[in-house]
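Here's the letter readout for the chains.
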Amino acid sequence: MPQPMHYDELDLAAIQSTGRLDANESIFFARELEYVKSKAYDVKYPANNALALFPVSTEADAGADYISYESYDMIGMAKIIANYADDLPRADVKGNLNSVKVFSIGVSYGYSTKDIRRSRMAGKNLPTRKAEAARRANDNTVNRIAFHGDAEHGIVGILDNPNISKYTIPATGTASGTEWSSKTAQQILDDMNNAVSSIVDSTNGVEIPDTILLPIDQYNYIAATLLPDSGGFTILSFFLKNNPYIKTIKPVHELKGADDGDDVMLIYRNSADALTLELPLPFNQLAPQNKNLEFVVPCESSTAGIIVYYPLSVCLASGI
């Protein structure tokens, strides 16, 4: 018994309304387009790390122009009082309303009527590479905005956020260098521990980081370099075993030369309470539009970049 053909009804209606294809060709294209779209949604993110590294929020409505959030700070201090005192100090909560703009992202791909007829005649699927390229282009833009923002549109990336804390890498390497390539294994371990501790110390233990991101070269180096007198531990394995806070260390290419050419280390609390990558409209493919002898599939998404709710939960160390 032949298998039923599945297709998206909106796509089919858009295709049939053009009159460019006959009934069988229209159904074939609608069915194939559904397959192509699903394949594009399944694309992984090997080179676009932001979507995998930071908590993603789609909570905001897809029609939102701004995302607003409130931050609060408790103020006031109690004191010792006398009997029958009537001058009790006040405690209160101070709130600030913050807003970030949502930006739309667009890209498209398409198939000619000839492409469609050739595929139907040969009994082959339409190539999915065009849709996957569109998805890749969309995610590249989201990734770039997450890490570096967009100066033209006033979007601040996490690496350029002026409110996150900064740790100064000490110049203890060869020739007073800060780069890990000029340092001993123990000096690198000290840099990592001290940078993590700077978050805990500056917040009196309120903020506890759990994640470190490193450039690929530095990650590979600490993963392969033995720490002397450690019983066979590498710098990486010794740090993970003995640091009480950090649970995850990952290599990402986006941190190479990220600070005016200097490699950086990013430390943060990986929680949606601390920061989120805002995607009010995740990648979405619309019904095809007929343009001359081509069917173009518009794709859209929207983002507000990364919102850091607690700036002291994130630390950037530059010059490693």
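Given the structure is predicted, the values throughout are model-derived calculations rather than measurements.

Asker: Describe the side chain of Arg269, naming the residues involved and giving the relevant values.
Answerer: In this structure, Arg269 sits in the loop between strand E10 (264–268) and strand E11 (275–278). On the accessibility criterion, Arg269 (18% relative accessible area) is buried. A polar contact of 2.8 Å, which involves the side chain of Arg269, links it to the side chain of Glu207. Not counting residues up to four positions away in its chain, the partners in contact with Arg269 are Glu207, Ile208, Pro209, Asp210, Ala274, Leu275, Tyr310 and Ser313.

Asker: Just give me the short version of the packing of helix H6 (residues 185–202) against helix H8 (residues 235–242), but keep the residues and values in it.
Answerer: Axis separation between H6 and H8 bottoms out at 10 Å; the angle between their running directions is 35 degrees. The element H6 and its partner H8 pack so that their crossing is right-handed. Contacts between H6 and H8 pair Ala185, Ile188, Leu189, Met192, Asn193 and Val196 from the former with Ile235, Phe238 and Phe239 from the latter. Class assignment of the residues belonging to the contact of H6 with H8 gives a composition of 8 nonpolar, 1 polar and no charged.

Asker: Describe a negative patch on the surface, and please don't skip the residues or the numbers.
Answerer: A grouping of Asp160, Glu179, Asp260 and Asp262 is seen on the molecular surface, where their side chains present a negatively charged patch. Among the structural elements, Asp262 can be located in the loop between strand E9 (248–251) and E10.

Asker: Lay out the nonpolar core with the relevant residues and their values.
Answerer: Judged by nonpolar contacts, the single largest core of 26 residues is most densely connected at Phe54, Ile158, Leu159 and Leu266. Of all the secondary structure elements, the ones that give two or more residues to this core are helix H3 (50–53), helix H5 (129–148), E10, E11, strand E15 (305–308) and strand E16 (314–318). Not counting residues within four places of it along the chain, the set of residues in contact with Leu159 comprises Phe147, His148, Glu254, Leu255, Ala258, Val264, Leu266 and Leu316. Ile212, Tyr219, Phe239 and Cys315 belong to the second-largest nonpolar core, a separate cluster that totals 25 residues.

Asker: A description of helix H1 (residues 9–16) should follow, citing residues and the corresponding values.
Answerer: Those residues of H1 lying buried are Asp11, Leu12, Ala14 and Ile15. Looking straight down H1, one finds that the buried residues subtend no more than 165 degrees of arc, so they occupy a single side. For H1, exposure combined with an orientation more than 90 degrees from the buried face picks out Glu9 and Leu10. Buried residues along H1 sit in contact with helix H2 (23–41) and strand E14 (294–303). Put simply, Asp8 is the residue that caps the front of H1, since its side-chain oxygen is 2.9 Å from the backbone nitrogen of Leu10.

Thresholds, definitions, all that
Residues numbered from 1 in each chain as written. Predicted model: local features only at pLDDT ≥ 70, side-chain atom pairs only at ≥ 80, totals over all residues. Heavy atoms only, no water. Helix = DSSP H or I, 4+ residues; strand = E, 2+ residues; numbered from the N terminus. Buried < 20%, exposed > 50% of the residue type's maximum accessible area, 1.4 Å probe, protein only. Polar contact = N/O pair within 3.5 Å; in protein donor to acceptor, adjacent residues only side chain to side chain. Contact = heavy atoms within 4.5 Å. Axes fitted to C-alpha atoms, helices over the stretch in contact; angles between N-to-C directions. Left-handed = near helix turned anticlockwise from the far one by under 90°. Nonpolar A, V, L, I, M, F, W, Y, C, P; charged D, E, K, R; others polar. Patch = residues over 30% accessible without salt bridge, like charges linked within 9 Å, V, L, I, M, F, W, Y side chains within 5 Å. Areas by Shrake-Rupley, 256 points an atom, 1.4 Å probe, with all protein chains shown as cover. Salt bridge = Lys/Arg side-chain N within 4 Å of Asp/Glu carboxyl O. Lys, Arg positive; Asp, Glu negative; His and termini not counted. Charge placed at Lys NZ, Arg CZ, Asp CG, Glu CD. Core = buried A, V, L, I, M, F, W, Y, C linked by side-chain atoms within 4.5 Å. Arc of directions from axis to C-beta.

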